[in-house]
Amino acid sequence: MKSRYRLAGYLAGTVAARTGDDTSGPALLLLGLSATGSVTVASSLLAGLTISSAVGGPVFGALLDRSPRPGRMLAGALAAYAAGLLVILLALGHVPTPVLVGVAVLAGVLGPALTGGWTAQLPLVAGKADLRRGSALDGLTYNVASLGGPALAGALATAAGAPAAVAVSIGLVLLAVPAAWTLPARPSAREDAKGASEAGDARERPERGAEREPLWRDLTAGLSVITRHPRLRRATLTTTVSFAGAGVLTVCAPLLGTRLTGESGYGTLLLSALAASALVANMVLARRPPAVPDRVILLGTLPIAAGSALAAAAGSPATAVVAAVLAGLGQGPQLIAVLAVRHRDAPERLRGQVFTTAASLKISAFAVGSAVAGPLAEHSVPAALLTGAGVQLLAALVYLLSGPRSGQQLPGDRPHGLLVGPSGVAAGQPE
């Protein structure tokens, strides 16, 4: 019963934090457009908020894995992220844009705290017995946030102005702070050993202090695991490229809404239509989870590409909605599948670093896509959307070229009696 209450608190926190995160991006984009009238300035603020996560992910993941109370660190990161958004909200129009882009970059370092930082703590809350169910529910919170965030940003920006949308995103992130603060502490070395003994595991576990590497080495450990493990590498590379295409679609959505209806807020509602279809697809997928989630990652890129291409050709709001729904049918299952692959293949000791590093790579790719989309969309929105569709096809090609070789034995496939070392390769096996 206690684990159920903990899981409920965890899910409440993730919904608040991720909805705040998914509201902040479109809200900041709309704030830049309303305050300056420049697509380039607006997309630069969004890109600044996301591009620095490439640095923040590995650092934050390493610190989380080393912390006995990771929830406290997560709570501090959420508060600092909200503070960065508040500075941008209050200073836009009064401070030079490059300075505010710099503030966005600093806040964006903490972006992985709202995504992978939460998911990495799920085993502490759900336990091994409920991890599969907890992982499915955790994946749905991404969909709920993706559904509510853009819709909230669009509705608030239309009704009360873009500053109100940014203010609400700040409030949602802060609302998650208590849930993060009360996350369970990491088990001590003695508790780990006791759990292993009760599970019938006769391995001798070293003391936590003895197994700890220097921080500078830990900073690259997550990336090393991802690079060395073929399935993790393939999943990460594919979704990273795909997320660059998602950045293009996000920047183009308000502009497409303006072109079709005269209201930029309508464009953010298109993102909610995308999220709604992703949520429905994932609810179906949760009832019949695929035996091989890796394949879903590949199949998910194709509807996203088709949706982006259809949006480029859209001549009416109805066609744009169909395009958004089509993209969501690929984007939702792709997310659930990559989370399943990470939970399956990431070494337990480096779980936080794998999740935050992978999240930071995706967020940074999103930043690159949104930064490129700004100038492209100012010239031609359809051309920018077609570029996004091409990026999704490139992601599918990356999947086909980056997987494990036929018959290759992987760390996750080895007998349970083998230890997995810091690099993700079984101890005693050649790297």
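Residues numbered from 1 in each chain as written. Predicted model: local features only at pLDDT ≥ 70, side-chain atom pairs only at ≥ 80, totals over all residues. Heavy atoms only, no water.

(A) Quick look at the overall build of the protein chain. On a plain count of helices and strands, the protein chain comes out with 20 helices and 0 strands. Buried positions account for 55% of the 431 residues belonging to the protein chain. Sequence-distant contacts, at least 24 apart, represent 83% of the contacts inside the protein chain between residues at least 6 apart. In the structure as shown, the protein chain presents an accessible area of about 17,900 Å², 65% of it carried by carbon and sulfur atoms. (Helix = DSSP H or I, 4+ residues; strand = E, 2+ residues; numbered from the N terminus. Buried < 20%, exposed > 50% of the residue type's maximum accessible area, 1.4 Å probe, protein only. Contact = heavy atoms within 4.5 Å. Areas by Shrake-Rupley, 256 points an atom, 1.4 Å probe, with all protein chains shown as cover.)

(B) How the structure looks around the pattern of salt bridges. With the rule as written, the count across this model stands at 5 salt bridges. Ionic pairing is found between Arg234 and Asp294, a salt bridge with its closest N-O pair at 3.3 Å. Remark: Asp294 occurs in helix H17 (residues 293-313) and Arg234 occurs in helix H15 (residues 230-261); sequence separation between them is 60 residues. Note on accessibility: Arg234 and Asp294 belong to one class, buried. Put simply, Arg231, Arg234, Asp294, Arg344 and Asp345 are held in one network by salt bridges that share partners. (Salt bridge = Lys/Arg side-chain N within 4 Å of Asp/Glu carboxyl O.)

(C) Up close: the environment of Val166. Tracing the chain through its elements places Val166 in helix H9 (residues 162-175). When sequence neighbours within four positions are dropped, the list of residues in contact with Val166 reads Ala27, Leu28, Leu31, Leu85 and Leu89.

(D) The arrangement of the side chain of Ser402 in detail. Structurally, Ser402 is set in helix H20 (residues 381-402). Classification of Ser402 as buried rests on a relative accessible area of 11%. Within polar-contact distance, the side chain of Ser402 engages the backbone oxygen of Val398 at 2.6 Å. (Polar contact = N/O pair within 3.5 Å; in protein donor to acceptor, adjacent residues only side chain to side chain.)

(E) Expanded view of a nonpolar patch on the surface. Among the surface-exposed residues, Leu394, Leu397, Leu400 and Leu401 lie close enough to one another that they form a single nonpolar patch of about 430 Å² accessible area. Checked against the element boundaries, Leu400 lands in helix H20. Look at Leu400 and you get exposed, because its relative accessible area is 60%. (Patch = residues over 30% accessible without salt bridge, like charges linked within 9 Å, V, L, I, M, F, W, Y side chains within 5 Å.)

(F) Inspection of the nonpolar core at higher detail. Tyr10, Leu78, Trp118 and Leu385 are the most contacted members of the largest nonpolar core, which totals 79 residues. The element that contributes the greatest number of residues to this core is helix H1 (residues 2-36), accounting for 11 residues. Not counting chain neighbours up to four residues away, the residues in contact with Tyr10 comprise Arg18, Trp118, Thr119, Leu122, Val125, Asp138 and Leu183. In terms of nonpolar packing, the next biggest core, distinct from the first, is built from 22 residues, Ala221, Leu298, Leu339 and Ala358 among them. (Core = buried A, V, L, I, M, F, W, Y, C linked by side-chain atoms within 4.5 Å.)

(G) The arrangement of the packing of aromatic side chains in detail. This structure, assessed with the given rule, holds 2 aromatic pairs. Ring centres 5.8 Å apart and planes at 70° place the aromatic pair Tyr10 and Trp118 in the edge-to-face group. Of the two residues, Tyr10 sits in helix H1 while Trp118 sits in helix H6 (residues 116-119), which places them 108 residues apart along the sequence. Tyr10 gets classed as buried once you look at its relative accessible area, which sits at 1%. Judged by its relative accessible area of 0%, Trp118 is buried. Look at Phe243 and Phe366: their rings are 5.6 Å apart centre to centre, the planes differ by 50°, and that puts the pair in the tilted class. Separated by 123 residues along the polypeptide, Phe243 in helix H15 and Phe366 in helix H19 (residues 351-379) bring together distant segments of the chain. Looking at Arg18, its charged tip hangs above the ring of Tyr142, at a distance of 3.9 Å from the centre. The ring of Phe243 carries the charged tip of Lys362 above its face, separated from the ring centre by 4.7 Å. (Phe/Tyr/Trp six-rings, centres within 6.5 Å; stacked < 30°, edge-to-face > 60°. Lys NZ or Arg CZ within 6 Å of the ring centre and 35° of its normal.)

By themselves, these observations are geometric and do not establish any function.
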